[in-house]
Amino acid sequence: MAFLMTLMVSLTITMINLGFSEFFFTVWLKSWILSFSIAFSVVLLISPRVLHLVNRVIQ
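In this text, all values refer to a predicted model and were calculated from it rather than measured experimentally. (Residues numbered from 1 in each chain as written. Predicted model: local features only at pLDDT ≥ 70, side-chain atom pairs only at ≥ 80, totals over all residues. Heavy atoms only, no water.)

S.K.: Sorry if this is basic, but what is going on with the environment of T6 here?
M.R.: You can see T6 is positioned in helix α1 (residues 2–18). You can call T6 buried: its relative accessible area is 6%. Distance in space between the C-alpha atoms of T6 and W32 is 6.3 Å, their sequence separation being 26 residues. Setting aside chain neighbours within four positions, we find T6 in contact with W32, S35, F36 and A39. (Helix = DSSP H or I, 4+ residues; strand = E, 2+ residues; numbered from the N terminus. Buried < 20%, exposed > 50% of the residue type's maximum accessible area, 1.4 Å probe, protein only. Contact = heavy atoms within 4.5 Å.)

If you want it as structure tokens, here you go:
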């Protein structure tokens, strides 16, 4: 989920900011790698806590 979300968001924002230029792919790839590494780390850290909280609320 983090993979697809960061892929689409970074693609959209890069397209809005740069348009299709000669540097588009390079800038987009750098942005995506950075955003994916941050999002994936956050998912790994937060998801167990959120799952625990949801289980407590449901029970």
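Still more ground to cover, so stick around.
S.K.: Can you walk me through α1 in this structure?
M.R.: For an α-helix, 3.6 residues make a turn, and residues three or four places apart therefore share a direction. Between its first and last C-alpha atoms α1 spans 23 Å; for 17 residues at 1.5 Å apiece the expected length is 24 Å, and the two agree. Buried residues of α1: A2, T6, S10 and T14, and no others. With its buried residues spanning 70° around the axis, α1 presents them on a single face. More than 90 degrees from the buried face of α1, the exposed residues found are L4 and I16. In this structure, the buried residues of α1 make contact with α2 (24–58). Looking one or two residues past α1, G19 carries a phi angle of roughly 70°, positive in sign. (Expected span 1.5 Å × (residues − 1). Arc of directions from axis to C-beta.)

S.K.: Whenever I open this one, the packing of aromatic side chains confuses me. Can you help?
M.R.: For any pair of aromatic rings, the description rests on two quantities: the centre-to-centre distance and the angle between the ring planes. In this structure the tally under the stated criterion is 6 aromatic pairs. Geometrically, the ring pair formed by F20 and F24 is tilted, given 5.2 Å between the ring centres and 55° between the ring planes. According to the relative accessible area criterion, F20 is exposed, its value standing at 66%. Ring geometry for F25 against W28: centres 5.8 Å apart, planes inclined by 55°, an arrangement best described as tilted. (Phe/Tyr/Trp six-rings, centres within 6.5 Å; stacked < 30°, edge-to-face > 60°.)

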